[in-house]
Every structure is written in structure tokens, then in C-alpha cells.
Amino acid sequence: MLGDINDQEGPDQQLIQNKHIEAELVGRESEFKRQARELERDIARQEEIKTNRQESMSVAERTWNQFGQERWRVLDSGGQPAELSTTEEEAKTLYQKATREFIEANFKISDLQQSQHTISLEQETLDRTLSIQRGAGYSAYMTLYRAHRWRVAAGKLSFVVPLFVLASWLVARRRKSIYHPVLIALLVSSFLRVGLVMEEHFPSEFFKYVGIIASVIIVLSFLVHALRSAATPKEDVLLRRRREAYQKNCCPECAYSVPHEEGKTMACAACGVDLFTVCDTCDGIRHELLPNCRHCGAQSERWRGVPAVAP
Ligand SMILES: [Zn+2]
Ligand SMILES: [Zn+2]
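Remember, it's a predicted structure, so these values are computed and weren't measured experimentally.

Some remarks on the domain arrangement of the protein chain
The extent of an interface is frequently quoted as the accessible surface area lost upon association of the parts. Split by domain assignment, the protein chain resolves into domain 1 (2-153), domain 2 (156-231) and domain 3 (235-304). Its C-alpha centre places domain 2 at a distance of 42 Å from the equivalent point of domain 3.

Following this line, the structure appears as C-alpha cells:
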């Protein structure tokens, strides 16, 4: 049952957030993200083109230089330089083309970076607005969520606390019942459950004080119980105490030693309580503070009460 109470559905975070955040802004945010991704891709492509063209340029440059050196050698030896050959023309065109494309890519990159900058500025402004709205949505959700958790806690406690109270009542009332151990088990488990529910739902500060109060109550009730049973000992305790005292030849009330004289009535020399009296049934001498006469076995209810002090 506690599990079922716990499983109650809470507030819908998405729904509450949506109420606080403008859908149009969220749309713009994802549009910006898409654009930023596109720009990054384009810049990477242009960088590739740059590297590629740079390689073409250096290849063309090397070829061109070789031809140039050849030409210088011809000039140095007094010859006339020939017209540019087709290969030389090609190297020249290639070099020019690669240079042009390299510069174009550079310009493109700088343009793309400019738009990247503009977008990131706009994105920052949008992010600020959105984070304010998201914060408002989140705190609205948390308020509802906390209220929900309190309701769940109240629901659980309203189930488990009455059970605990009922168990305590039964344990106190049915002391002699053969089901007493079962009732004790119910008491302990319901007490444990109350503790667990509190620990789960209440702030630790609050739980600490509840714990302290509960321990004080438990200790106090134990003390009260101990004091009561000391003041009015139970029958079996009383009987055991008196039996032992008679066996040791002591007064059960004050522990003063009793002389070993059989066949005579006797009172305690120290506290004056009757120890041996005449049996009402057989006129023999019986233990005044034990239930039965040792001669005829007659039962007397007198031993239960406050022992009479001999006149
Ligand atoms: Zn005595
Ligand atoms: Zn008797």
C-alpha cells in the first residue's frame, strides 16, 4: 500500500516548463544551433580547400622554378631564351589558378567567421532570456513537486501511523494473549515504517527532532513501567522473592535473619511483619507470606496483600 501511495503521479515537468518558455524562442534556439553547425562544416570545407590549393601551388612553383633556372642557364651561356613551352604555360596557369582559389577560400572563411560571430552574439542574448524563463519554469515545477511530495507523505503517514497506534494498543491490552509475539512484531514493523517514511519525506533537521522526541517517549515509558513494577511487583516475582527469603531464613520484607524455630508462630524481629501464623484450617503453623499451608495445603489469599504487621 505504501508503494502504491508512493507511485501517485506528480506534476508534469515538461508541461509546466512549456507554460513558462516561449515556444518561438526555443524554435529560434534550435535554428541558431543548426546554423552554427552548418557554418562550422562550411569553414572546415574551406580549410580543406586551402590546404589542397597550397599543395598545388607549391608543386606548380617547383615546376616553374625548374624551367626558370633552365632559362637562366641558356641566358648565361649567351643563348636566346626560347618561347614558353606548353608545359611551362600549364604550370603557370595552374599556379595562378591555385593562388586565386586559395585567396578565395581565405575570403570565404573570413566571411563565414563573421557570420559565426554574429550568430553567437544573438545566441548569447537568446540564451539569457531562455535561462531566465527556464529558471522560472523549474521553480514553478519544484513548488508543485514539493506540494506533491508532502501529499504523498501525508497519505503514507495516515496509513502507517494508525496502524502503529493500533499495534501499541493491542500490545498493551493483550499481554496474556498467545498472539502477543505477533502483535509485538506488528508494533516493531509499523514503528520502523513510520521512521522510514519520515526519513524519506521530511528534512533531516525535522527528522532529527522527531527521532529525539520518540526516543524520549520510549525511555520515559520504559522508566514508568519499571517504577510501577517495582512498586507493585507482579505475583510471580513476589512469590519467587518470598520463597527465596524463607529458604535462606530471612524476612522477605526486610531481609533480617529469622531463627530456625519450628512449630511456633513468629514475626520479624526487625520490621514486625508476621512470618509464621496458625493455619485457619488445620491449626498447624504455616508460612504467612506463601500461598499454601505446608500441613494441609489449604490456600490463603492473605499472602497477596500487604503483609500484616504483628500487634
Ligand atoms: Zn522483617
Ligand atoms: Zn493447614
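A closer look at a nonpolar patch on the surface
Together, Tyr 209, Ile 212, Val 216, Val 219, Leu 220, Phe 222 and Leu 223 make up a nonpolar patch on the protein surface, roughly 700 Å² of accessible area in all. Mapped onto the secondary structure, Ile 212 falls in helix H6 (residues 204-231). Overall, Ile 212 belongs to the partly exposed group, its relative accessible area being 44%.

Overview of the coordination of the zinc ion (ligand 1)
Binding of the zinc ion (ligand 1) to the protein goes through Cys 251 (SG), Cys 254 (SG), Cys 268 (SG) and Cys 271 (SG), at separations of 2.2 to 2.4 Å. Taken in sequence order, the residues that donate to the zinc ion (ligand 1) follow the motif C-x2-C-x13-C-x2-C. Here Cys 251 is found in the loop between helix H7 (235-247) and strand S1 (266-267), whereas its partner Cys 271 is found in the loop between S1 and strand S2 (274-278), with 20 residues between them in sequence. Given the relative accessible area of 2%, Cys 251 is considered buried. For Cys 271, a relative accessible area of 31% puts it in the partly exposed group.

Observations regarding unusual backbone geometry
In terms of backbone geometry, most residues other than glycine have negative phi values and most peptide bonds are trans. Not every positive phi belongs to a glycine, and Ala 255 is a case in point at roughly 70°. Mapping Ala 255 onto the fold places it in the loop between H7 and S1. Here Asp 283, not a glycine, exhibits a phi torsion of approximately 60°, which is positive. Relative to the assigned elements, Asp 283 resides in the loop between S2 and strand S3 (285-287). Since its relative accessible area comes to 60%, Asp 283 is described here as exposed.

Rules used in this analysis
Residues numbered from 1 in each chain as written. Chains lettered and ligands numbered in written order. Predicted model: local features only at pLDDT ≥ 70, side-chain atom pairs only at ≥ 80, totals over all residues. Heavy atoms only, no water. Domains from an automatic or database assignment. Patch = residues over 30% accessible without salt bridge, like charges linked within 9 Å, V, L, I, M, F, W, Y side chains within 5 Å. Areas by Shrake-Rupley, 256 points an atom, 1.4 Å probe, with all protein chains shown as cover. Salt bridge = Lys/Arg side-chain N within 4 Å of Asp/Glu carboxyl O. Helix = DSSP H or I, 4+ residues; strand = E, 2+ residues; numbered from the N terminus. Buried < 20%, exposed > 50% of the residue type's maximum accessible area, 1.4 Å probe, protein only. Donors = N, O, S within 2.8 Å, 3.2 Å for Na, K, Ca; no water.

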